[in-house]
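Listed below are the residues making up each chain.
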Amino acid sequence: MIVIPMKEGENIERALKKFKRKFEKTGVIKELRGRQVYKKPSVKRREEKLHAIYVQQMQQAED
């Protein structure tokens, strides 16, 4: 459960913005979208490997 501490007199839009940010960080929506379609374990591994290669190339490009 997401708890947003609000100060007295705080704007409701600001609290809503905090809630949305926290909700997004939990990754609930991302997980739900991922569960809509079944991915074979081999496909998941391949995607993870490609992502790791991409990240590594980006880090090397920084240096």
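Residues numbered from 1 in each chain as written. Predicted model: local features only at pLDDT ≥ 70, side-chain atom pairs only at ≥ 80, totals over all residues. Heavy atoms only, no water.

Asks: Could you give an account of the pattern of salt bridges, with specific residues and numbers?
Replies: Enumeration over the complete set of coordinates arrives at 3 salt bridges. The partner of E10 in a salt bridge is K18, and the shortest N-O contact between them spans 3.1 Å. A salt bridge links E47 to K39, with the nearest nitrogen and oxygen atoms 2.9 Å apart. (Salt bridge = Lys/Arg side-chain N within 4 Å of Asp/Glu carboxyl O.)

Asks: Tell me about the environment of R35, and name the residues and values.
Replies: Its location among the elements puts R35 in helix α2 (residues 28-36). In the structure, R35 is positioned 10 residues away from K25 in sequence and 18 Å away in space, judged by C-alpha atoms. (Helix = DSSP H or I, 4+ residues; strand = E, 2+ residues; numbered from the N terminus.)

Asks: I'd like a description of the packing of aromatic side chains, backed by residues and values.
Replies: Tallied over the entire structure, the rule returns 1 aromatic pair. Their ring planes at 20° and their centres at 6.0 Å tell us that F19 and F23 sit as a pair that is stacked. You can see F19 and its partner F23 sitting in helix α1 (residues 12-26), 4 residues apart, about one turn around the helix. (Phe/Tyr/Trp six-rings, centres within 6.5 Å; stacked < 30°, edge-to-face > 60°.)

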